[in-house]
Amino acid sequence: MKLAVVGLGYVGLPLCLQFAKSGVAVLGLDIDPIKIKKINTGQSYIKHIPSEVIQQQVSAGRLSASTDFAGIKQVDAVVICVPTPLNKNREPDISYILMTGQAIAPHLRKGQLVVLESTTYPGTTDSDLRAVLEEGSGLKAGIDFHLAFSPEREDPGNPESKVALIPKIVGGLTPECQRRAAELYSRAIKQIVPVSSCRAAEAAKLLENIFRSVNIALVNELKMVYDAMGIDIWEVIDAARTKPFGFMAFYPGPGLGGHCIPIDPFYLTWKAREYGQNTRFIELAGEVNTSMPAYVVNRTIEALNHHRKPLNGSRILIVGLAYKANVDDMRESPAFHLMDLLRARGAETAYYDPHIAVIGPTREHGNWQGFKSISWNFETIRGFDAVLICTAHAGVNYDELARWSPCIIDTRNAMRDVAVKPGQVWKA
């Protein structure tokens, strides 16, 4: 068995490694030559993936990487793991999928399997991707080659999340397509969850992320309501989660981040309009979640006012640039929105993140590229009028922060077990 994985990011690279560990010869394909060079020399560019893990599979001859898509001719299956962002009008952008399909098609041969893992709206695989593959190859999906969708379920930074142990949903264009895809994934993943079609698999992935978006919006809204009542939402959630049935804890934050929750629900709202359906619940959740950075800025203004300082001219430190704790992934991070809002109101901003030394290229926040994380020491931290905790990395010393900063805005309840002074910490 030989496999090609297209897109060597936070989804594609772990998938390559899991298949390689399982004895499958893997060819990683990407248009970024830097990633290719690093993989072939056994170096990691994702912080939570050790270089030794990559080096081991490269040395064993089970993993190699290239920018040359002609290598697809030599493999049995191709898995696509490319980004699916929103465009400037907040509409689905499947251009990366289609461009990948166009790059694959000339090298496609009879009997091969193509699987899409990128999160997208129902119909992308069996309609959009299928059309591109068939046009560029002269082959017919379901007859000459097999086509399937199997959504990624990567959870970066979670040490308990193992690719091999996360059940894998698989939907095929035909029953034989599904069988071939299930056979592929069963080589590396313990449990396969077959569904009736590509569209059912695409819809299942969207449901997973919409479920999270809606529930996060609920606690974000309750955070504001309970704050007005003088009630701590974090205490309320801790109490409610003791119920052994009928409740699942979700937590508020400064806004949504990552490639999934801020983006994927809008793939369904866009597609639903084609069928004359309104997704009011999903859109309302989106409105609540996207309003969170503004709420946090207002709480920052209140905290500064308490210390008799204006926001305009103040120096604000953002702690935690990554979108979630203990990773170096800054895709769609609310920290960027917070820094934009604070700067627009006259504040001077900087950030500290033990996982991100310098801000690299981003799709929407190029104005921050090149900014570097500040040094973590008393003199530096003391020079800021307020510190805003955006992401609660375990590597941050919150006891030191309490001693060094007189004004802390905490969006993650990171200071809950730290001794602080009255009026020092403001939950947001």
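For the structure itself, consult the block above.
So, a few notes on the structure that sits alongside this text.

Attention now moves to the overall build of the protein chain. Scanning the protein chain from N- to C-terminus turns up 14 helices and 13 strands. In terms of C-alpha radius of gyration, the protein chain reaches 23 Å, essentially the compact-globule figure of 22 Å for 428 residues. For the protein chain, the spread of C-alpha atoms along the principal axes amounts to about 70 × 50 × 40 Å. Split into buried and exposed, the 428 residues of the protein chain put 51% on the buried side. Put simply, of all contacts in the protein chain between residues at least 6 apart along the chain, 68% involve residues at least 24 apart. Entry remark: accessible area of the protein chain is about 19,100 Å², with carbon and sulfur atoms responsible for 53%. Considering the protein chain, the positive charge centre built from 46 side chains and the negative charge centre built from 44 side chains are found 2 Å apart.

Moving on, we get to helix α6 (residues 175–186). Over its 12 residues, α6 extends 16 Å from the first C-alpha to the last, a length consistent with the 16 Å expected when each residue adds 1.5 Å. Within α6, burial applies to C177, A181, A182, L184 and Y185. The buried residues of α6 all sit within an arc of 160° when viewed along its axis, so they share a single face.

Positioned with a positive phi, R90 is a non-glycine residue whose angle comes to about 60°. Tracing the chain through its elements places R90 in the loop between β4 (77–80) and α4 (95–104). For R90, a relative accessible area of 39% translates into the label partly exposed. Positive phi, normally seen in glycine, also occurs at R308, with a value near 60°. Structurally, the position occupied by R308 is in the loop between α11 (292–306) and β9 (315–319). We classify R308 as exposed; its relative accessible area is 79%.

Residue placement: I46 occurs in the loop between α2 (33–40) and α3 (51–59). Accessibility expressed as a relative area gives 4% for I46, which makes it buried. A C-alpha to C-alpha distance of 8.5 Å links I46 and V327, two positions 281 residues apart in sequence. When near neighbours in sequence (up to four residues on either side) are disregarded, I46 contacts G9, Y10, L13 and D328.

Glancing now at the nonpolar core. The biggest cluster of nonpolar side chains holds 39 residues, and the ones touching the most others in it are I72, I104 and F145. Residue contributions to this core peak at six residues, all from helix α7 (residues 198–228). Not counting the four nearest positions on each side in its chain, F145 is found in contact with L108, R109, G111, Q112, V114, L133, E134, S137, L139 and K140. The next biggest cluster of nonpolar side chains, apart from the first, holds 35 residues, and it includes V5, C16, I36 and A148.

What counts, and at which threshold
- Residues numbered from 1 in each chain as written.
- Predicted model: local features only at pLDDT ≥ 70, side-chain atom pairs only at ≥ 80, totals over all residues.
- Heavy atoms only, no water.
- Helix = DSSP H or I, 4+ residues; strand = E, 2+ residues; numbered from the N terminus.
- Rg over C-alpha atoms; globule rule 2.2 N^0.38 Å.
- Buried < 20%, exposed > 50% of the residue type's maximum accessible area, 1.4 Å probe, protein only.
- Contact = heavy atoms within 4.5 Å.
- Areas by Shrake-Rupley, 256 points an atom, 1.4 Å probe, with all protein chains shown as cover.
- Lys, Arg positive; Asp, Glu negative; His and termini not counted.
- Charge placed at Lys NZ, Arg CZ, Asp CG, Glu CD.
- Expected span 1.5 Å × (residues − 1).
- Arc of directions from axis to C-beta.
- Core = buried A, V, L, I, M, F, W, Y, C linked by side-chain atoms within 4.5 Å.

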